[in-house]
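Residues per chain are reported as follows:
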Amino acid sequence: MVQRVAVIGAGPSGLTSVKACLDEGMEPTCFESSDDMGGLWKFKEVSEPNRASIYRSLTINIWKEMMCYSDFPIPADYPNYMHHSKILKYFRSYAEHFKLLPYIRFQTSVKRVTQRPDFSRTGQWEVVTENKDGLEEKHVFDAVICCSGHFNYPNLPLKDFPGIESFEGKYFHSWDYKGPEDMHGKRVVVIGIGNSGGDIAVEGSRVAEQVYLSTRSGAWVIRQVSDNGLPVDRFNTRFVHVMFRLLPMSVLNWLGEKKLNAMYDHAMYGLKPKHRLFSQIPVINDDLPFKILSGSVLIKPNVKEIRGSTVVFNDGSAAENVDLIVFATGYNYDFPYLPNNVMYKSGHRVGLYKHVFPPVLEHPTLAIVGFIHSDGAIMPQAEMQARFVTRVFKGHKKLPSSQAMIKAVEKDTKNIERNYVVSRLTPLQVDFVEYMDDLAKDINVRPSLLWLFLTDFPLFRRVFWGPVTAYQYRLMGPGKWDGARRAIFTQFDRMYQPLRARQLGPHESSTAGRLIKWSLMIMAGGSAVYYIQVHNPTILPTLMSKLHPQTV
C-alpha cells in the first residue's frame, strides 16, 4: 500500500501533486531545488543551470479561467491574461489555502532515484537528495511523482548553422533572454517562430534598429483578443469539440485558416506555414502582425550560413551588420535522476501510458506529471494527471498489464504522428478536451451531459456551450467540490470584472434592437411551426382541439 510519496519539483505540477496526495490520505514530501515555488513561473534576473527560465515581460497566453486549478478559481480582479508575477502570487495563495508549504523542502535537489533491491515485492524507491550545503541524504518512498518540467535544457543546434564560429556579434538561446536592453539600436536576428521567438522579436523591435525573424516552416498566428474582444480560449467549448468529431478535418482546417487570413493574410505576411492549422499548436501573438506591417520585424526563411556579421538566408537574401542572434530553438527534455531502464521509448518520445506511467515497471509506483503538450494550460492537465496518479497509488484504479500499456502507448504514438506535426523537440501533442475527458473518465469525474440535461439544464447549457474550464471535473465523483457549480456560473463575471475599471451608465437597448430581436423570435417560431406542419400535419390540429373545449 502506497503511503509515503516523493514529489520532485514545486512548480505548478508539483504543487497540485502534493495536494492530490493529501486528498487521498498519503504523506507527500516535495523536493524543490530552488528557494521558492513556481517552477517556470518564478522569474530570476540570472538564469540558473538546469532550470526553466522566463523573461521579465512574460504574460501567459492562456485565459485565467482556462488555466486555474479546478477547486481554486483565480481572483476576479486578476487580469484575464496574467503577468508571471500574478501567476506566482496565485500559486502561493493555492499553496497557503491548501496548507501545502509544510510538505515542501526548498533548496533540496534530487540526485538519484533508484529501485530498492526488494522492488519486485514492495515497489519502493530510494531517493538521494542534496541540500544547499552539499550534504546528501537517502530516503525510502513507496512511490515517486516527477514534476521537473521540460523547459530546463535549451536546445542550441550550432552545428546546423555553418559559419557561426565566424560571427562577430553576440548570440544566445532564448532561455537566457530577460529583456531588450542589449538590443537598443542593434540589428537582431531571432531564429525560431514559436511563442518565445515571436515575443522576443516583437519586444526587441521596439528598441532595435531592425529585427529579422527567421522561420524554417512558418506558423499560423492567432490573437488572444478574439471576436467581440473576448479571450480566444472562451471558444474552446464542448460544442466545438463535438464539431471536431463530426466534421472532416480538411473542412475544419479550411474554416479556421479562412478566419485567420481574414484578419491578416498569412501568405502576404510571409507567415504561411507548410502544415495545416490544426496540425500544430499555433503561435499566439497579437502584436506580431502589426510589427510586420510596420516593417520593424521582417520575416525571413531559414538561415543558410553566417559570414562574419552577415546572416545569409535560404532564399539568397542576407541581413548585414548583424549585432545579435537569438536562438529560440526549443528545448531538450531529460530526467537525469532516473535510471534509463525505467523509461520506454516510442518514436521520438518517451512512451508513457496515458502520458503519465512508464509501462515497463512491475509496480506502477513511478509517475511523470506535467510532461504534456496541448492547446490548453498545463495547470488543469497536471492536476488531472495527479488525481489519476494518486487514485492508482491508492489502488482505486488498476492499470492494465505491461503488454497492454505498451500497445496503448504505440497506438498513441501512431495517432500523434498521423494527426500532428511532431519532431524530436516536440514529440508529443494532445487535444486538451479529449485528454482531460479521457483521464476524467478513468477516475469517474467526467461530467455526464445527459444527467445534467435531465436534472440541471441551466448547468448543462454552461457546460456544453461554455468554455471547458476545470471546474467541470469537480461536479461529481471523487474529489467533488461543492463550489464547482457556482464557479461555472460566475466564470464570466470574473472575466468582466477586471475590465470594468471605468464605470459606465446602464446600457439600454435601442428600439431598433428590440424590433430586430422580436422579429428574429417570430421568424424562428414561424419556421418551427412550418417545419412541424410539413412533417407532421396532424399534430397542430390535435393540439388545437385539446385547447378548445368541445361543444355539445
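Refer to the structure above for everything that follows.
Residues numbered from 1 in each chain as written. Predicted model: local features only at pLDDT ≥ 70, side-chain atom pairs only at ≥ 80, totals over all residues. Heavy atoms only, no water.

**Student:** Which residues make up the nonpolar core, and what are the values?
**Tutor:** Across soluble globular proteins, nonpolar side chains show a tendency to be buried alongside one another. Counting residues in hydrophobic clusters, the biggest one holds 106 residues, and the most contacted among them are Phe357 and Phe393. Looking at this core element by element, the count peaks at seven residues for helix H9 (residues 378–393). With residues up to four places along the chain from it excluded, the contact list for Phe393 reads Val2, Val5, Met26, Ala143, Val144, Ile145, Phe357, Pro364, Thr365, Leu366 and Ala367. Counting residues in hydrophobic clusters, the runner-up holds 22 residues, among them Ile8, Trp125, Leu338 and Leu366. (Core = buried A, V, L, I, M, F, W, Y, C linked by side-chain atoms within 4.5 Å. Buried < 20%, exposed > 50% of the residue type's maximum accessible area, 1.4 Å probe, protein only. Helix = DSSP H or I, 4+ residues; strand = E, 2+ residues; numbered from the N terminus. Contact = heavy atoms within 4.5 Å.)

**Student:** Break down the packing of aromatic side chains for me, citing the residues and quoting the values.
**Tutor:** According to the stated counting rule, one finds 29 aromatic pairs in the structure shown. Relative to Phe91, the ring of Tyr90 has its centre 6.1 Å away and its plane inclined at 45°; by these criteria the two rings are tilted. When the ring of Tyr212 is compared with that of Phe313, the centres are 6.4 Å apart and the planes differ by 35°; the resulting orientation is tilted. With a gap of 101 residues between them, Tyr212 in strand S11 (residues 210–214) and Phe313 in strand S16 (residues 310–313) connect regions that are remote in the sequence. (Phe/Tyr/Trp six-rings, centres within 6.5 Å; stacked < 30°, edge-to-face > 60°.)

**Student:** A description of the packing of H9 against helix H11 (residues 432–442) should follow, citing residues and the corresponding values.
**Tutor:** For the pair H9 and H11, the least separation of the axes is 9 Å and the interaxial angle reads 20°. Between H9 and H11, the interaxial angle falls into the category roughly parallel. Where H9 crosses over H11, the two elements pack in a sense that is left-handed. Between H9 and H11, the residues in contact are Pro380, Gln381, Met384, Gln385 and Phe388 and Phe432, Tyr435, Met436, Leu439, Ala440 and Asp442, respectively. (Axes fitted to C-alpha atoms, helices over the stretch in contact; angles between N-to-C directions. Parallel < 35°, antiparallel > 145°, perpendicular 65-115°, else oblique. Left-handed = near helix turned anticlockwise from the far one by under 90°.)

**Student:** Which residues make up the environment of Gln385, and what values do they have?
**Tutor:** Here Gln385 lies in helix H9. Gln385 sits 290 residues away from Ala95 along the chain, and the two C-alpha atoms are 18 Å apart. In this structure Gln385 touches His355, Val356, Ile368, Val369, Gly370, Phe371, Ile372, Tyr435 and Leu439, once residues within four positions along its chain are discounted. There is a polar contact of 3.5 Å between the side chain of Gln385 and the backbone oxygen of His355. At 2.8 Å, the side chain of Gln385 forms a polar contact with the side chain of Tyr435. (Polar contact = N/O pair within 3.5 Å; in protein donor to acceptor, adjacent residues only side chain to side chain.)

**Student:** With reference to specific residues and values, describe the side chain of Glu257.
**Tutor:** Its place among the elements puts Glu257 in helix H7 (residues 249–263). Using a relative accessible area of 10% as the deciding quantity, one classes Glu257 as buried. With residues up to four places along the chain from it excluded, the contact list for Glu257 reads Trp220, Arg276 and Leu277.

**Student:** A description of the sheet that holds strand S4 (residues 108–115) should follow, citing residues and the corresponding values.
**Tutor:** Sheet architecture is open: three strands sit in the order S4-S5-S6, paired in antiparallel fashion. Each having just a single partner strand, S4 and strand S6 (136–141) make up the two edges of the open sheet. Pairs of neighbouring strands in the sheet enclose a mean axial angle of 25°, with direction left out of account. (Pairing = 2+ DSSP bridges.)

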